Amino acid sequence: MARLSSIPFEKVDPELQAVMREYDVELGGSGFVQVLAHAPEVFKDFIKFYFPLVSTTRGSVNMKLTELARLKVAEKNECAL
């Protein structure tokens, strides 16, 4: 059972709505942002750190493949939610 609810898209901070649209294109989904939107300023700070890091270090591997690799590594290391 989920411990945090998703915030409806219409109620998500407009800046995070734009991020969700980017994730939809890059990753094929952005539903997790609706949960992280409970703390919008914290997530915005994370984005300011993470987006430039990813865009400068990912090279020619697309974002979707990168995320699939991360998930596989987490699975192999028996990471739990």
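Before going into details, it helps to say that this report is about the structure given with it. Per chain, residues are indexed from 1 in the order of the written sequence. Given that the model is predicted, a residue must reach a pLDDT of at least 70 before its local features are reported, and side-chain atom pairs must reach 80 or more before they are shown or counted; all residues, however, enter totals for whole chains, interfaces and linings. Processing note: side-chain calculations cover all non-hydrogen atoms of the structure and skip hydrogens and water entirely.

As a further point, take the nonpolar core. Val12, Leu16, Tyr23, Val33 and Phe43 are the most contacted members of the largest nonpolar core, which has 14 residues in total. The secondary structure listing takes helices from DSSP runs of H or I that are at least 4 residues long and strands from runs of E that are at least 2 residues long, numbered from the N terminus. In terms of residue count, helix 1 (residues 14-27) provides more of this core than any other element does, five residues in total. Filtering out sequence-adjacent residues up to four positions away, Phe43 remains in contact with Leu16, Val19, Tyr23, Phe32, Val33 and Leu36. Within this scheme, the nonpolar core is defined by two criteria: the residues are buried Ala, Val, Leu, Ile, Met, Phe, Trp, Tyr or Cys, and they are joined through side-chain atoms within 4.5 Å. To sort residues, take the accessible area from a 1.4 Å probe on protein chains only and compare it with the maximum for the residue type: under 20% means buried, over 50% means exposed, and anything in between is partly exposed. We call two residues in contact whenever any of their non-hydrogen atoms come within 4.5 Å of each other.

Below, the discussion takes up helix 1. Helical periodicity: at 3.6 residues per turn, an α-helix aligns residues three or four positions apart in one direction. Expected helix span is given by 1.5 Å per residue-to-residue step, counting one fewer step than there are residues. Look at helix 1: 19 Å from first C-alpha to last across 14 residues, which is about the 20 Å you get at 1.5 Å a residue. Where helix 1 is concerned, the buried positions are Leu16, Gln17, Val19, Met20, Tyr23 and Leu27. Buried residues of helix 1, seen end-on, are gathered within an arc of 160 degrees and therefore sit on one face of the element. Across from the buried face of helix 1, at angles greater than 90 degrees, the exposed residues are Pro14 and Val25. As used in this structure description, the phrase polar contact means that two N or O atoms lie within 3.5 Å; if the pair is within protein, one of them must be able to donate a hydrogen and the other to accept it, and residues adjacent in sequence are counted only when both atoms belong to side chains. The backbone nitrogen of Glu15 lies 2.8 Å from a side-chain oxygen of the residue at the head of helix 1, namely Asp13. At the C-terminal side of helix 1, Gly28 shows a positive phi close to 85 degrees. Relevant arc is that of directions from the helix axis to the C-beta atoms, nothing else.

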